[in-house]
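Residues per chain are reported as follows:
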Amino acid sequence: MLDDIERGRGFIAAAHLKETIPGVYRDMKFGEGHTDYVSCVGLLYSMGVRIFTGEFWHKDGDDWRRSLSDASSFLRKKIDTAMERYLADKEAERKFISVQPLMADGTRIDIGLNIGSSSPAALEGAKYTDMVGLFRTEFLYMEKPALPDEQEQFEAYKKILREYAPRPVTIRTLDIGGDKTLECMNMPREDNPFLGNRALRLCFDKPNIFKTQIRALLRASVHGSLWIMLPMVGSIDDIRRAKSMIDDVRVELDREDIACSSETRIGIMVEIPSIALIADIAAQEVDFASIGTNDLCQYLTATDRLNPYVSGYYQSYHPAMFRIIGHVVEEFDKAGKPICVCGEMGGDKLAVPVLVGLGLRKLSMGISSVAGIKRVLSTLTMEHAARLADAVKNMPTAADVESYLKKISAEGEFQCKRRAQ
Ligand code: PEP
Ligand code: MG
């Protein structure tokens, strides 16, 4: 059914998929043979079609129906139209990839890269970005028969740090659990895995795994500017416990006469509302933070981010999202600590003007979003962004926010200042 969709288009559309499927994208397989399948899913998603266990489904009234059987002609028509629009837009965006990330009034927004491996392809974006805003380290652990040892991890971290030096590289400690399991680790089944023993909690539970990773990170720290980021932090206790374990590893390395940089920063992902709401206190305990909007949305709206039955409740544009993000940014700004967004919203062309209006000066995203975001920024003034942020924070529903931002974007209002110059 999907064989006749060429590979080239598949690759382009895979990038599109990243922009259209927060969360789900990451969990798809991106092997050689998967790009066409993935591309279709990406395009179809934006048309209201969803996948359940690898099949195409669509909404029919209140029911979901399998649409795999007649997908062939349906796909061809939809993909052709969507692809034409998509390619025209990408072509216009392309030249922005290498420009400085400046707004129309000259304000600079640092652009970070989200990466999931240390491969040359993943590091391609180093030319166009100011930092690694999120390095997901899970790839080192997944689909492996055994846990990666310290040396293997050290080599991977060193490679990225060197490539980016002297720019910062934010490396997130192991964020496993939830939907992600490890073949090489016995992980008991949980009823609510996203609310369970995941990420930092699992690292506390398995201190040797955490310590091995921290040893590798601290050893690699002499090769660049390392920012260690802790995922799934819910309390100040979490922060203190993790920092104390990191200190222990430092002492251990020191005793072994192994050098590590004293400049390494320790920060957190803000993705659980309980830490977001005490951002003023958290900011005193850490060197920086990055807002993980994917999980923040999941926990704020009480919606499993991977459960298609409730995807309508997963509302990134919920006014509460913008209010809570605004609060975190304000508190970290007050404390003089860097704050970034590295969830999918950081690369979302509709959301970014609002994020900037809320005070964010650092955004991190996948490489496929970089040119588009630089383009949006180039058309926007801070004054306009602040007005947008005020407006959306006071809207009643996510649908209101989305249609407002779409309308403004379609009318080219983001471009107003640029035309006037
Ligand atoms: C997030 O939650 O926004 C995030 C960046 O982390 P992940 O998607 O890997 O959970
Ligand atoms: Mg997360």
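Placed above this text is the structure.
Please read all numbers here as calculations on a predicted model, not as lab measurements.

So, how was this worked out
- Residues numbered from 1 in each chain as written.
- Chains lettered and ligands numbered in written order.
- Predicted model: local features only at pLDDT ≥ 70, side-chain atom pairs only at ≥ 80, totals over all residues.
- Heavy atoms only, no water.
- Donors = N, O, S within 2.8 Å, 3.2 Å for Na, K, Ca; no water.
- Helix = DSSP H or I, 4+ residues; strand = E, 2+ residues; numbered from the N terminus.
- Buried < 20%, exposed > 50% of the residue type's maximum accessible area, 1.4 Å probe, protein only.
- Near = heavy atom within 4 Å.
- Polar contact = N/O pair within 3.5 Å; in protein donor to acceptor, adjacent residues only side chain to side chain.
- Areas by Shrake-Rupley, 256 points an atom, 1.4 Å probe, with all protein chains shown as cover.
- Nonpolar A, V, L, I, M, F, W, Y, C, P; charged D, E, K, R; others polar.
- Axes fitted to C-alpha atoms, helices over the stretch in contact; angles between N-to-C directions.
- Parallel < 35°, antiparallel > 145°, perpendicular 65-115°, else oblique.
- Left-handed = near helix turned anticlockwise from the far one by under 90°.
- Contact = heavy atoms within 4.5 Å.
- Core = buried A, V, L, I, M, F, W, Y, C linked by side-chain atoms within 4.5 Å.

Draft legend 1. Fine view of the coordination of the magnesium ion (ligand 2). Taken together, Glu271 (OE) and Asp295 (OD) make up the protein donors of the magnesium ion (ligand 2), found 2.1 to 2.2 Å from the metal. Of the two residues, Glu271 sits in the loop between β8 (265-270) and α9 (273-276) while Asp295 sits in helix α11 (residues 293-300), which places them 24 residues apart along the sequence. Note on Asp295: relative accessible area 3%, which makes it buried.

Draft legend 2. A look at the site of ligand 1. In the region of ligand 1, 15 residues are neighbours, and Arg136, Arg172, Gly292, Asn294 and Arg305 sit closest. A distance of 2.8 Å separates an oxygen atom of ligand 1 from a polar side-chain atom of Arg136. For ligand 1, the accessible surface in isolation is 290 Å², of which the surrounding protein chains cover 100%. Secondary structure elements with two or more residues in the shell around ligand 1: β5 (131-136) and α11. Looking at the shell around ligand 1, the element that brings in the most residues is α11, giving three residues. Looking at the shell around ligand 1, its residues break down into three nonpolar, four polar and eight charged.

Draft legend 3. Spatial organisation of the packing of helix α7 (residues 207-220) against helix α8 (residues 236-255). Where α7 meets α8, the axes come as close as 10 Å, and the angle between the chain directions of the two elements is 60°. Relative to α8, the element α7 is oriented oblique. Helix-helix and strand crossings are classified by hand; for α7 and α8 the assignment is right-handed. Contacts between α7 and α8 involve Pro207, Phe210, Lys211, Ile214, Arg215, Leu218 and Arg219 from the former and Ala242, Met245, Ile246, Asp248, Val249, Arg250, Glu252 and Leu253 from the latter. Split into classes, the residues belonging to the contact of α7 with α8 amount to nine nonpolar, no polar and six charged.

Draft legend 4. Representation of the packing of helix α15 (residues 382-393) against helix α16 (residues 398-410). α16 packs onto α15 with a crossing angle of 155° between their chain directions and a minimal axis gap of 10 Å. In terms of axis orientation, α15 runs roughly antiparallel to α16. The way α15 lies across α16 gives a crossing that is right-handed. Residues His384, Leu388, Ala391 and Val392 of α15 lie in contact with α16, whose contacting residues are Val401, Tyr404, Leu405 and Ile408.

Draft legend 5. Up close: the nonpolar core. Within the largest apolar cluster, 100 residues are counted, with the highest numbers of intra-cluster contacts made by Ile268, Ile325 and Leu363. Contacts of Leu363, omitting those with residues within four sequence positions, involve Ile109, Asp110, Ile111, Gly112, Met131, Cys340, Val341, Gly346, Val352, Leu355, Val356 and Ile373. Within the second largest apolar cluster, six residues are counted, among which are Trp227, Met229, Met269 and Cys342.

In short, geometric facts, not functional conclusions.
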